[in-house]
Amino acid sequence: MLYWAVVFLIVALVAAVFGFGGIASASAGIAQILFFIFIVLFVIALLARAFQGRGPR
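Residues numbered from 1 in each chain as written. Predicted model: local features only at pLDDT ≥ 70, side-chain atom pairs only at ≥ 80, totals over all residues. Heavy atoms only, no water.

**What to know about the overall build of the chain**
Piece 1. Helix and strand counts for the chain come out as 2 helices and 0 strands.
Piece 2. In terms of overall size, the chain is more extended than a compact globule, its C-alpha atoms giving a radius of gyration of 17 Å where 57 residues would be expected to give roughly 10 Å.
Piece 3. Principal-axis analysis of the C-alpha atoms places the extent of the chain at approximately 60 × 15 × 10 Å.
Piece 4. Looking at the chain residue by residue over its 57 residues, the buried ones come to 12%.
Piece 5. About 4,700 Å² of surface is accessible on the chain, with carbon and sulfur atoms providing 77% of the total. (Helix = DSSP H or I, 4+ residues; strand = E, 2+ residues; numbered from the N terminus. Rg over C-alpha atoms; globule rule 2.2 N^0.38 Å. Buried < 20%, exposed > 50% of the residue type's maximum accessible area, 1.4 Å probe, protein only. Areas by Shrake-Rupley, 256 points an atom, 1.4 Å probe, with all protein chains shown as cover.)

This is the structure we're talking about:
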């Protein structure tokens, strides 16, 4: 998911350089949404791993 956020960010930057404002803002918005979803899922995974603990060996 982080990969797609970076891809949309690059598309937004390229579109902004060439003057396509609508495409640039849409791509930047999608990249921002994907990045925040990635961060939330990452934190949930970290918390799940922390609370899972280690079983007896």
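**As for the environment of Ala26**
Piece 1. By the element assignment, Ala26 lies in helix α2 (residues 21-52).
Piece 2. When the C-alpha atoms of Ala26 and Ala12 are compared, they prove to be 7.6 Å apart, with 14 residues separating the residues in sequence.

**Looking at the side chain of Ser27**
Piece 1. With respect to the helices and strands, the residue Ser27 is situated in helix α2.
Piece 2. Non-local contacts of Ser27, meaning those with residues more than four positions away in its chain, are made with Phe8, Val11 and Ala12. (Contact = heavy atoms within 4.5 Å.)

**A few points about the packing of aromatic side chains**
Piece 1. In the structure shown here, the tally under the stated rule is 3 aromatic pairs.
Piece 2. Measuring from centroid to centroid gives 6.2 Å for Phe38 and Phe42, while their planes differ by 15°, and the two rings are stacked. Of the two residues, Phe38 and Phe42 both sit in helix α2, 4 residues apart, roughly one turn of that helix.
Piece 3. Taking the relative accessible area as the measure of exposure, Phe38 reaches 26% and is therefore partly exposed.
Piece 4. Residue Phe42 is classed as partly exposed on the basis of its relative accessible area, which comes to 44%. (Phe/Tyr/Trp six-rings, centres within 6.5 Å; stacked < 30°, edge-to-face > 60°.)

**What about helix α1 (residues 2-17)?**
Piece 1. If you check α1, its first and last C-alpha atoms are 23 Å apart, about what 16 residues at 1.5 Å a residue would give, namely 22 Å.
Piece 2. The complete set of buried residues in α1 reads Ala5, Ala12 and Ala15. Down the axis of α1, the buried side of the element spans an arc of 90°, and every buried residue falls inside it. Exposed residues on α1 whose side chains face more than 90 degrees from its buried face are Tyr3, Leu13 and Val17.
Piece 3. In this structure, the buried residues of α1 make contact with α2.
Piece 4. Backbone geometry just downstream of α1 places Gly19 in the positive-phi region, at approximately 90°. (Expected span 1.5 Å × (residues − 1). Arc of directions from axis to C-beta.)

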